[in-house]
Structures are given as structure tokens and as C-alpha cells.
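# Structural characterization, general
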Amino acid sequence: MAIGPGGEMGRAEGRGVAPTASHLAARRVRDLLRAALRAGEFGSGRLPAEAELMVQYRVPRDVLREALDLLRRDGLIERRRGLGTLAVHADHVVPGALPPRGRALDEHLAVGRITPRLLHWTWIPAPRVIADQLDGAAVGDDCLCVEYVLLAEQRPMAVFTNYIRAPEAAGIDRSGFRRDFYALLHSGGIDTVSCDVGVQAGRADDHTAALLRVPPGEPVLLVQQRIRDHADQVVDYALGTCRNELLIDIGRIPRIDLIGTHRRKDPA
């Protein structure tokens, strides 16, 4: 017999799913420890002893151990006899903003020496989804498609496919793509001033997993980026997949004052 969401069966199922107070506390401690790992709080890579962590986070031993187990299942720590709890997975916080002109991407991202591995470079007629993103482009207009793996110290960190508007792409030389993509744009005289970035959770398909050297189905970040020039025109649209140890810091986002906007007086 079917019972609706408000019936006894629905309430019983809800009780089975809802976390207890101790589970919620363990999740909060897990998140705090993850943030501390990301911030480099444990310089040696070894976490403090359980007793110290219990005092620091004001939780009992069972809650702390559950939090540590959650971190272990996330692949962030290992608990080794005689050594304690060790960080085994490095997170990298990278800015979502464009690097200042003249500043190398290596220095901007601080993840090691940056190099690209070019996968694809060709002119294509813009499909509608790309034409809708590039200012002034129409369906079928030429655009340059550049696909590459971003390597940090020869370790693949991301795969990006960029679609560059024809007038700007005409000045780009393929031989100049030896370091980072922004330097390539600058070498072609493209004045990049700002960008907007969108990020979504996803899982690596078989081909992307092979390029990033992660297991298929591994959690990844799906990224889209629009790069704008001094006239606020979108000249490049990029779709990318990043390894999950990258945290993209979008930066300060101002609050939009809609009330103030609505109160503007009409010109006399």
C-alpha cells in the first residue's frame, strides 16, 4: 500500500536519513579541518594529536574520530601507526581573477611551473552556443578553437577549450603558446581586462580522466569563463575541467543595491 509523503512511512524514512547532532558536529569539524589543511595550518603535514584537537574544537573523542574518518574517506589524510594523522592530499587555492599584465601565471597561481600541452588548434565556424557568448559574433563566423592541458610541474591540473573571437585571434601565433594562455592572448595584442567565472561540480568522464590522470568518475570542477577586453567585450569563451584539489577563489563580490536603484529619480 502506498503512503504519501506525510504518512508514517515517509516520516520513518526521514528519520533514517536525517543526521544526528553528533554527525552534524563531526561534519562541521571535518569542514574546519579541511579549511585548516588548505590554509597550511599544519606546516609539517602532520595533524596534532587527538587530545589536542578535541580541546581545540571542543568535541568529544567519538565526534573527532568521525570527522577524521570523513577526511580519510575524502582522501585528504592517512592515519599511520607510530606517525599519527598525516595530510596526503594537497589542496591549492587559485584566484579566479585574471593575472595582472606582466605577471606570470606561475606566480599568480602559485602551484609550480606552468606549461601547456596543446591538444587542438583550429579555426571553426562558431556554433550558436559560442556565438551567443562572444560579443559581436554571429552563427557561422570564424573563431579560433584552442584546447590544452594545463600542467603544473608537469602534473596535469586542468583541461580547457577556448573559443577566441576572430578579430583578436587573427593576431595570435601558435608558436607563442609556450607558457600560459593569458600570455598567448597578450602576445597577440589582446587587452584582457576582466573575466567572469562559473563553477559547477561534476565527475570526470573516461577521456578527461585520462588527460588529468585521475580515475574515471573522480569529482572535478566544471568551469566556464568569459574574458573581456577594455571595451567590456567578451573576446574569449572557455570551458574547462579542473582537478578537485583546486579551489577557485572568485574574490570579493559586491552586493547589488536594488533598493537604491529603484529609488533613483527620473530626470526632470
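Along each chain, residues carry numbers from 1 onward, in the same order as the chain's sequence is written. Note on the predicted model: pLDDT of at least 70 is required for a residue's local features to be given, and 80 or more for side-chain atom pairs to be given and counted; whole-chain, interface and lining totals, by contrast, use all residues. As a convention, hydrogens and water are excluded, and side-chain values are obtained from all of the structure's heavy atoms.

- The protein is annotated in an unreviewed UniProt entry as GntR family transcriptional regulator from Nocardia transvalensis.

### Considering the overall build of the protein
- Only DSSP runs of H or I with at least four residues qualify as helices, and only runs of E with at least two residues qualify as strands; both kinds are numbered from the N terminus onward. Each helix and strand in the protein was counted, giving ten helices and ten strands.
- In the protein, which comprises 268 residues, the share counted as buried stands at 38%.
- Here, two residues are considered to be in contact whenever any of their heavy atoms come within 4.5 Å of each other. Within the protein, contacts between residues at least 6 apart in sequence are counted, and of these 58% link residues at least 24 apart. Note on classification: 1.4 Å probe, protein chains only; a residue is buried when its accessible area is under 20% of the maximum for its type, exposed when over 50%, partly exposed between these limits.

### A word on the pairing of strand E2 (residues 84-87)
- Pairing of strand E1 (residues 77-80) with E2 involves four bridges; the strand directions are antiparallel. By the bridge assignment for E2, Arg-79 is matched with Thr-85.
- Two strands are counted as paired when DSSP detects at least two bridges linking them. The turn linking E1 back onto E2 is made up of three residues, and Gly-82 within it adopts a positive phi angle of 85°.

### A closer look at unusual backbone geometry
- In this structure, Glu-153 takes a positive phi of about 55° despite not being glycine.
- Among the structural elements, Glu-153 can be located in the loop between strand E5 (142-152) and strand E6 (155-165).
- Despite not being glycine, Gln-154 has its phi angle at roughly 70°, a positive value.
- When its relative accessible area of 53% is taken as the criterion, Gln-154 is described as exposed.

### As for the packing of aromatic side chains
- Note on aromatic pairs: the rings of Phe, Tyr and Trp (six-membered ring only in Trp) are paired at centre separations within 6.5 Å, and the planes decide the class, stacked below 30 degrees, edge-to-face beyond 60, tilted for the rest. Scanning the entire structure with this criterion turns up four aromatic pairs.
- Each ring, one from Tyr-148 and one from Phe-160, has its centre 6.3 Å from the other, and the planes form 25°; the classification is stacked. One end of the pair, Tyr-148, is in strand E5; the other, Phe-160, is in strand E6, and twelve residues separate them in sequence. For the pair formed by Tyr-148 and Phe-160, the shared burial category is buried.
- On the basis of an interplanar angle of 80° and a centroid distance of 6.2 Å, the ring pair of Phe-177 and Phe-181 is categorised as edge-to-face. Across this residue pair, the class does not change: Phe-177 and Phe-181 are buried.
- Taken together, the ring pairs in this structure connect Tyr-148, Phe-160, Phe-177 and Phe-181 into an aromatic cluster.

### Here's the deal with the nonpolar core
- Definition of nonpolar core: a set of buried residues of the types Ala, Val, Leu, Ile, Met, Phe, Trp, Tyr and Cys, connected through side-chain atoms within 4.5 Å. In terms of nonpolar packing, the biggest core is built from 31 residues, with Val-146, Ile-164 and Phe-181 touching the most fellow members.
- Contributions of two or more residues to this core are made by strand E4 (114-125), E5, E6, helix H8 (181-187), strand E8 (219-229), strand E9 (234-243) and strand E10 (246-249).
- With five residues, E5 is the single largest residue contributor to this core.
- Excluding its chain neighbours within four sequence positions, the residues that come into contact with Phe-181 are Val-146, Tyr-148, Asn-162, Ile-164 and Asp-236.
- Formed by 18 residues, the second largest nonpolar core is a distinct cluster that contains Ala-26, Phe-42, Leu-47 and Leu-76.

### Let's talk about the pattern of salt bridges
- A side-chain nitrogen of Lys or Arg and a carboxyl oxygen of Asp or Glu constitute a salt bridge if their distance falls within 4 Å. For the coordinates displayed, the defined rule picks out 15 salt bridges.
- One salt bridge connects Glu-78 with Arg-80, and the closest N-O pair in it is separated by 2.6 Å.
- The exposure class assigned to Glu-78 is partly exposed, which follows from its relative accessible area of 35%.
- For Asp-196, the salt bridge is made with Arg-226, and the minimal N-O distance between the two is 2.8 Å. Within this pair, whereas Asp-196 is found in strand E7 (residues 192-203), its partner Arg-226 is found in strand E8, the two being separated by 30 residues in sequence.
- Residue classification places Asp-196 among the partly exposed positions, given a relative accessible area of 24%.
- Each of Arg-27, Arg-30, Asp-31, Arg-34 and Asp-74 takes part in salt bridges that share partners, so that together they form one network.

### Some words on the pairing of E8
- Bridge count between E7 and E8: eleven bridges; the pairing is antiparallel. Along E8, the bridge assignment pairs Ser-194 with Arg-228.
- In this structure, E8 lies alongside E9, joined through nine bridges in antiparallel fashion. Opposite Gln-225, over in E9, you have Ala-238 as the bridge partner.
- What sits between E8 and E9 in their antiparallel hairpin is a turn of four residues, with Asp-232 showing a positive phi close to 65°.

### Quick word on the packing of helix H3 (residues 50-57) against helix H4 (residues 61-73)
- Working convention: axes come from line fits to C-alpha atoms, limited for helices to the stretch in contact. Angles between N-to-C directions cover 0 to 180 degrees. Look at H3 against H4: their axes get within 10 Å of each other, and the N-to-C directions meet at 105°. Classed by the angle they form, the pair H3 and H4 counts as roughly perpendicular. Contacts between H3 and H4 pair Glu-50, Leu-53 and Met-54 from the former with Arg-61, Leu-64, Arg-65 and Leu-68 from the latter.
- For this classification, Asp, Glu, Lys and Arg are treated as charged, while Ala, Val, Leu, Ile, Met, Phe, Trp, Tyr, Cys and Pro are nonpolar and the rest, including Gly, are polar. Residue composition of the contact of H3 with H4, by class: four nonpolar, no polar and three charged. Should an angle fall under 35 degrees it is called roughly parallel, over 145 degrees roughly antiparallel, and 65 to 115 degrees roughly perpendicular, with every other angle called oblique.

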